[in-house]
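Descriptive structure summary
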Amino acid sequence: MHVLVTGATGFVGSNLVPALLERGHDVRILVRDPTRYDGPDEVEVVVGDLLEAGSLDDALDGIEAAYYLVHSMQAGEDFEERDKRAAGNFADAADAAGVERVIYLGGLGEEHAELSAHLKSRREVEYTLADGEYDLTTLRAAIIIGDGSASFEMVRQMDRRLPVMTTPQWVETPSHPIAIDDVIAYLVGILDVPETAGGTYDIGGPEGMTYAQILKRTGKVMGTGEPYIIPIPVLSPRLSSYWIGFVTDVPTSVARPLIEGLKNPVVADDDPIRELLPVELTPFETAVERALSERDARLAVQQLPPEASS
(Lines give C-alpha, C1' and ligand atoms only; values in the text may rest on other atoms or scores of the structure.)
Protein backbone atom coordinates (compact mmCIF):
# COMPACT_ATOMS: atom_id res chain seq x y z
CA MET A 1 0.00 0.00 0.00
CA HIS A 2 1.21 3.56 -0.74
CA VAL A 3 1.27 5.31 2.64
CA LEU A 4 2.03 8.86 3.76
CA VAL A 5 3.21 9.68 7.27
CA THR A 6 3.05 13.21 8.64
CA GLY A 7 4.98 13.91 11.83
CA ALA A 8 7.59 11.34 10.78
CA THR A 9 10.38 13.07 12.73
CA GLY A 10 8.40 12.95 15.98
CA PHE A 11 8.29 10.28 18.67
CA VAL A 12 5.44 8.18 17.28
CA GLY A 13 6.15 8.85 13.61
CA SER A 14 9.81 7.86 13.83
CA ASN A 15 8.76 4.50 15.29
CA LEU A 16 5.93 4.02 12.81
CA VAL A 17 7.90 4.47 9.58
CA PRO A 18 10.23 1.44 10.02
CA ALA A 19 7.27 -0.72 11.08
CA LEU A 20 5.36 0.18 7.92
CA LEU A 21 8.39 -0.66 5.79
CA GLU A 22 8.73 -4.03 7.51
CA ARG A 23 5.14 -4.82 6.57
CA GLY A 24 5.94 -4.14 2.91
CA HIS A 25 4.29 -0.75 2.49
CA ASP A 26 5.68 1.99 0.23
CA VAL A 27 6.25 4.90 2.60
CA ARG A 28 6.40 8.61 1.88
CA ILE A 29 6.85 11.27 4.55
CA LEU A 30 5.91 14.94 4.65
CA VAL A 31 8.47 17.19 6.36
CA ARG A 32 9.10 20.90 6.53
CA ASP A 33 12.86 20.47 6.93
CA PRO A 34 14.35 17.38 5.24
CA THR A 35 17.64 17.79 7.14
CA ARG A 36 15.84 16.78 10.34
CA TYR A 37 14.94 13.35 8.97
CA ASP A 38 17.46 10.58 9.64
CA GLY A 39 15.27 7.51 9.17
CA PRO A 40 15.41 4.63 6.68
CA ASP A 41 16.73 5.41 3.19
CA GLU A 42 13.85 3.54 1.51
CA VAL A 43 11.48 6.34 2.45
CA GLU A 44 10.45 8.98 -0.08
CA VAL A 45 10.84 12.42 1.48
CA VAL A 46 8.57 15.26 0.30
CA VAL A 47 8.84 18.82 1.58
CA GLY A 48 5.66 20.63 2.55
CA ASP A 49 3.98 22.60 5.32
CA LEU A 50 0.55 21.73 6.68
CA LEU A 51 -0.08 25.42 7.30
CA GLU A 52 0.40 26.11 3.58
CA ALA A 53 -2.41 24.38 1.72
CA GLY A 54 -0.78 24.49 -1.70
CA SER A 55 2.34 22.64 -0.52
CA LEU A 56 0.61 19.30 0.15
CA ASP A 57 -0.32 18.13 -3.36
CA ASP A 58 2.93 16.31 -4.16
CA ALA A 59 2.96 14.56 -0.80
CA LEU A 60 -0.55 13.14 -1.24
CA ASP A 61 -0.36 12.26 -4.94
CA GLY A 62 -1.01 8.53 -5.37
CA ILE A 63 -1.39 7.91 -1.63
CA GLU A 64 -3.93 5.30 -0.47
CA ALA A 65 -3.65 5.77 3.31
CA ALA A 66 -2.23 8.68 5.30
CA TYR A 67 -1.27 8.99 8.96
CA TYR A 68 -1.88 12.31 10.67
CA LEU A 69 0.48 12.50 13.66
CA VAL A 70 0.92 16.24 13.99
CA HIS A 71 -0.05 18.36 16.99
CA SER A 72 1.41 21.29 18.90
CA MET A 73 3.27 20.28 22.03
CA GLN A 74 4.44 23.78 22.88
CA ALA A 75 2.30 26.21 24.82
CA GLY A 76 1.23 29.26 22.84
CA GLU A 77 -1.77 31.51 22.49
CA ASP A 78 -2.64 30.48 18.95
CA PHE A 79 -1.81 26.77 18.95
CA GLU A 80 -5.49 25.74 18.72
CA GLU A 81 -6.04 27.84 15.61
CA ARG A 82 -2.85 26.53 13.99
CA ASP A 83 -3.69 22.91 14.76
CA LYS A 84 -7.20 23.28 13.35
CA ARG A 85 -5.98 25.10 10.23
CA ALA A 86 -3.31 22.46 9.58
CA ALA A 87 -5.88 19.66 9.91
CA GLY A 88 -8.29 21.47 7.61
CA ASN A 89 -5.63 21.98 4.95
CA PHE A 90 -4.70 18.31 5.17
CA ALA A 91 -8.32 17.14 4.93
CA ASP A 92 -8.96 19.27 1.85
CA ALA A 93 -5.78 18.12 0.14
CA ALA A 94 -6.43 14.46 0.98
CA ASP A 95 -9.92 14.73 -0.51
CA ALA A 96 -8.56 16.34 -3.67
CA ALA A 97 -5.96 13.58 -4.01
CA GLY A 98 -8.51 10.79 -3.56
CA VAL A 99 -6.96 9.34 -0.40
CA GLU A 100 -9.00 6.36 0.79
CA ARG A 101 -8.09 6.23 4.47
CA VAL A 102 -6.68 8.61 7.09
CA ILE A 103 -5.46 7.42 10.49
CA TYR A 104 -5.23 9.87 13.37
CA LEU A 105 -3.70 9.34 16.81
CA GLY A 106 -5.52 11.54 19.33
CA GLY A 107 -5.89 11.72 23.09
CA LEU A 108 -8.21 10.02 25.56
CA GLY A 109 -10.64 12.03 27.66
CA GLU A 110 -14.40 12.00 28.23
CA GLU A 111 -16.38 14.25 25.89
CA HIS A 112 -18.34 15.84 28.73
CA ALA A 113 -15.26 16.49 30.86
CA GLU A 114 -13.54 19.86 31.20
CA LEU A 115 -10.64 18.88 29.00
CA SER A 116 -7.35 20.76 29.06
CA ALA A 117 -6.70 23.15 26.20
CA HIS A 118 -4.39 20.71 24.44
CA LEU A 119 -6.76 17.76 24.80
CA LYS A 120 -9.56 19.96 23.48
CA SER A 121 -7.37 20.88 20.52
CA ARG A 122 -6.64 17.24 19.76
CA ARG A 123 -10.35 16.51 19.79
CA GLU A 124 -11.00 19.52 17.53
CA VAL A 125 -8.37 18.20 15.10
CA GLU A 126 -10.19 14.86 15.15
CA TYR A 127 -13.49 16.52 14.28
CA THR A 128 -11.86 18.58 11.51
CA LEU A 129 -10.30 15.49 9.94
CA ALA A 130 -13.66 13.72 10.18
CA ASP A 131 -15.13 16.22 7.71
CA GLY A 132 -13.14 14.63 4.87
CA GLU A 133 -14.63 12.25 2.33
CA TYR A 134 -12.07 9.53 3.13
CA ASP A 135 -12.59 6.95 5.90
CA LEU A 136 -11.06 8.30 9.12
CA THR A 137 -9.84 5.89 11.78
CA THR A 138 -9.05 7.53 15.11
CA LEU A 139 -7.05 5.90 17.88
CA ARG A 140 -7.11 7.62 21.27
CA ALA A 141 -4.28 7.01 23.74
CA ALA A 142 -3.07 8.33 27.09
CA ILE A 143 0.58 8.38 28.21
CA ILE A 144 2.85 6.44 25.86
CA ILE A 145 5.85 4.65 27.38
CA GLY A 146 8.94 4.81 25.21
CA ASP A 147 12.24 6.54 24.58
CA GLY A 148 11.38 9.93 23.12
CA SER A 149 8.05 10.36 24.88
CA ALA A 150 8.01 13.73 26.66
CA SER A 151 5.58 12.37 29.26
CA PHE A 152 7.74 9.37 30.04
CA GLU A 153 10.91 11.48 30.13
CA MET A 154 9.26 13.72 32.69
CA VAL A 155 8.43 10.67 34.82
CA ARG A 156 11.94 9.24 34.43
CA GLN A 157 13.67 12.43 35.49
CA MET A 158 11.36 12.99 38.45
CA ASP A 159 12.09 9.48 39.69
CA ARG A 160 15.82 9.96 39.16
CA ARG A 161 16.03 13.26 41.01
CA LEU A 162 13.25 13.31 43.59
CA PRO A 163 13.04 10.52 46.19
CA VAL A 164 10.42 12.71 47.90
CA MET A 165 7.86 14.57 45.76
CA THR A 166 5.26 17.18 46.56
CA THR A 167 2.70 16.94 43.78
CA PRO A 168 -0.73 18.31 42.85
CA GLN A 169 -3.87 16.24 43.37
CA TRP A 170 -3.65 15.01 39.77
CA VAL A 171 -1.19 12.41 40.96
CA GLU A 172 -4.23 10.31 41.93
CA THR A 173 -5.92 10.70 38.51
CA PRO A 174 -6.58 7.38 36.73
CA SER A 175 -4.58 6.84 33.55
CA HIS A 176 -3.92 4.03 31.10
CA PRO A 177 -0.28 3.90 29.95
CA ILE A 178 0.58 2.01 26.79
CA ALA A 179 3.92 0.91 25.32
CA ILE A 180 5.05 2.57 22.10
CA ASP A 181 5.42 -0.91 20.56
CA ASP A 182 1.72 -1.53 21.15
CA VAL A 183 0.72 1.86 19.74
CA ILE A 184 2.68 1.06 16.58
CA ALA A 185 1.15 -2.42 16.39
CA TYR A 186 -2.32 -0.85 16.40
CA LEU A 187 -1.41 1.90 13.92
CA VAL A 188 0.09 -0.56 11.44
CA GLY A 189 -2.40 -3.36 12.07
CA ILE A 190 -5.54 -1.38 11.30
CA LEU A 191 -4.49 -1.08 7.66
CA ASP A 192 -5.15 -4.81 7.37
CA VAL A 193 -8.52 -4.63 9.12
CA PRO A 194 -11.04 -2.91 6.81
CA GLU A 195 -13.65 -2.97 9.57
CA THR A 196 -11.71 -0.25 11.41
CA ALA A 197 -12.24 2.25 8.58
CA GLY A 198 -14.42 5.09 9.85
CA GLY A 199 -14.18 4.01 13.50
CA THR A 200 -12.91 5.64 16.69
CA TYR A 201 -11.12 3.43 19.21
CA ASP A 202 -9.50 3.75 22.63
CA ILE A 203 -6.15 2.00 23.05
CA GLY A 204 -4.38 1.26 26.32
CA GLY A 205 -1.93 -1.11 27.93
CA PRO A 206 -2.82 -4.24 29.93
CA GLU A 207 -3.72 -2.27 33.08
CA GLY A 208 -4.82 1.15 34.21
CA MET A 209 -3.12 2.96 37.10
CA THR A 210 -2.84 6.37 38.71
CA TYR A 211 0.03 8.71 37.93
CA ALA A 212 1.35 8.03 41.43
CA GLN A 213 1.53 4.34 40.59
CA ILE A 214 3.27 5.15 37.30
CA LEU A 215 5.91 7.16 39.20
CA LYS A 216 6.38 4.48 41.85
CA ARG A 217 6.57 1.51 39.49
CA THR A 218 8.90 3.33 37.11
CA GLY A 219 11.21 4.20 40.00
CA LYS A 220 11.28 0.59 41.06
CA VAL A 221 12.26 -0.57 37.56
CA MET A 222 14.95 2.12 37.38
CA GLY A 223 16.44 0.95 40.65
CA THR A 224 15.97 4.32 42.36
CA GLY A 225 13.15 2.93 44.49
CA GLU A 226 9.57 4.06 44.84
CA PRO A 227 9.41 7.80 45.52
CA TYR A 228 7.54 9.11 48.54
CA ILE A 229 4.70 11.21 47.13
CA ILE A 230 2.93 13.97 49.05
CA PRO A 231 -0.13 15.39 47.20
CA ILE A 232 -0.73 19.11 47.82
CA PRO A 233 -4.21 20.37 46.81
CA VAL A 234 -3.11 24.01 46.40
CA LEU A 235 -0.38 23.28 43.83
CA SER A 236 -1.91 24.50 40.56
CA PRO A 237 -1.04 23.10 37.10
CA ARG A 238 0.75 26.36 36.24
CA LEU A 239 2.93 26.19 39.36
CA SER A 240 3.46 22.48 38.75
CA SER A 241 4.79 23.15 35.24
CA TYR A 242 7.30 25.66 36.61
CA TRP A 243 8.33 23.14 39.23
CA ILE A 244 8.74 20.41 36.60
CA GLY A 245 10.81 22.79 34.49
CA PHE A 246 13.03 23.45 37.51
CA VAL A 247 13.66 19.85 38.59
CA THR A 248 13.82 18.25 35.11
CA ASP A 249 15.21 19.08 31.66
CA VAL A 250 11.68 19.15 30.21
CA PRO A 251 11.01 22.76 29.12
CA THR A 252 8.23 24.56 30.96
CA SER A 253 6.55 25.23 27.60
CA VAL A 254 6.23 21.47 27.11
CA ALA A 255 5.61 20.55 30.76
CA ARG A 256 2.68 22.92 31.12
CA PRO A 257 0.35 21.32 28.52
CA LEU A 258 1.34 17.88 29.80
CA ILE A 259 0.57 18.81 33.41
CA GLU A 260 -2.71 20.53 32.54
CA GLY A 261 -3.88 17.37 30.79
CA LEU A 262 -3.20 15.21 33.85
CA LYS A 263 -6.33 16.47 35.61
CA ASN A 264 -8.51 14.47 33.20
CA PRO A 265 -9.11 10.73 33.82
CA VAL A 266 -7.89 8.90 30.71
CA VAL A 267 -8.75 5.20 30.92
CA ALA A 268 -9.26 3.29 27.68
CA ASP A 269 -12.24 1.15 26.82
CA ASP A 270 -10.25 -0.95 24.38
CA ASP A 271 -12.58 -3.94 24.01
CA PRO A 272 -13.90 -2.76 20.59
CA ILE A 273 -10.44 -2.48 18.99
CA ARG A 274 -9.19 -5.69 20.60
CA GLU A 275 -12.07 -7.64 19.11
CA LEU A 276 -10.85 -6.58 15.67
CA LEU A 277 -7.12 -6.41 16.35
CA PRO A 278 -5.97 -8.50 19.34
CA VAL A 279 -2.52 -6.96 19.89
CA GLU A 280 -0.42 -8.76 22.48
CA LEU A 281 -0.03 -5.98 25.03
CA THR A 282 3.28 -5.21 26.71
CA PRO A 283 3.37 -5.30 30.53
CA PHE A 284 4.12 -1.91 32.08
CA GLU A 285 7.44 -2.89 33.64
CA THR A 286 8.61 -4.42 30.35
CA ALA A 287 7.70 -1.22 28.50
CA VAL A 288 9.70 0.84 31.00
CA GLU A 289 12.69 -1.50 30.75
CA ARG A 290 12.68 -1.23 26.95
CA ALA A 291 12.39 2.55 27.05
CA LEU A 292 15.33 2.84 29.43
CA SER A 293 17.44 0.39 27.42
CA GLU A 294 16.75 2.19 24.15
CA ARG A 295 17.55 5.53 25.75
CA ASP A 296 20.89 4.21 27.03
CA ALA A 297 21.73 2.80 23.59
CA ARG A 298 20.81 6.08 21.87
CA LEU A 299 22.92 8.14 24.24
CA ALA A 300 25.86 5.77 23.84
CA VAL A 301 25.79 6.24 20.06
CA GLN A 302 25.53 10.03 20.43
CA GLN A 303 28.67 10.05 22.59
CA LEU A 304 30.75 8.20 20.02
CA PRO A 305 33.07 10.24 17.78
CA PRO A 306 31.52 10.92 14.32
CA GLU A 307 33.72 8.41 12.52
CA ALA A 308 32.75 5.65 14.97
CA SER A 309 28.98 6.20 14.78
CA SER A 310 28.74 6.49 11.00
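You'll find the structure just up there.
Nothing here was measured: the structure is a model prediction, and the numbers come from that model. (Residues numbered from 1 in each chain as written. Predicted model: local features only at pLDDT ≥ 70, side-chain atom pairs only at ≥ 80, totals over all residues. Heavy atoms only, no water.)

When a protein is soluble and globular, its nonpolar side chains tend to lie buried together. Judged by nonpolar contacts, the single largest core of 39 residues is most densely connected at V5 and Y67. Residue assignment for this core shows that the elements contributing at least two residues are β1 (2-6), α1 (11-22), β2 (26-31), β4 (65-68), β5 (101-107), β6 (135-141) and α6 (180-189). The biggest single contributor to this core is α1, with 7 residues. Those residues in contact with V5 that lie beyond four places of it in its chain are L16, V17, L20, V27, R28, I29, L30, Y67 and L69. Core analysis: the next-biggest nonpolar cluster, separate from the first, contains 30 residues, M158, M222, V247 and A268 among them. (Core = buried A, V, L, I, M, F, W, Y, C linked by side-chain atoms within 4.5 Å. Buried < 20%, exposed > 50% of the residue type's maximum accessible area, 1.4 Å probe, protein only. Helix = DSSP H or I, 4+ residues; strand = E, 2+ residues; numbered from the N terminus. Contact = heavy atoms within 4.5 Å.)

Within the secondary structure, N89 is located in helix α3 (residues 79-97). The exposure class assigned to N89 is buried, which follows from its relative accessible area of 14%.

Right, let's get into the side chain of D202. Here D202 is to be found in strand β11 (residues 200-202). Within the buried set, D202 has no salt-bridge partner at all; the shortest N-O distance to an opposite charge, 4.8 Å, is to R140. A distance of 3.0 Å separates the side chain of D202 from the backbone nitrogen of D269, its partner in a polar contact. When sequence neighbours within four positions are dropped, the list of residues in contact with D202 reads L108, R140, V267, A268, D269, D270 and I273. (Lys, Arg positive; Asp, Glu negative; His and termini not counted. Salt bridge = Lys/Arg side-chain N within 4 Å of Asp/Glu carboxyl O. Polar contact = N/O pair within 3.5 Å; in protein donor to acceptor, adjacent residues only side chain to side chain.)

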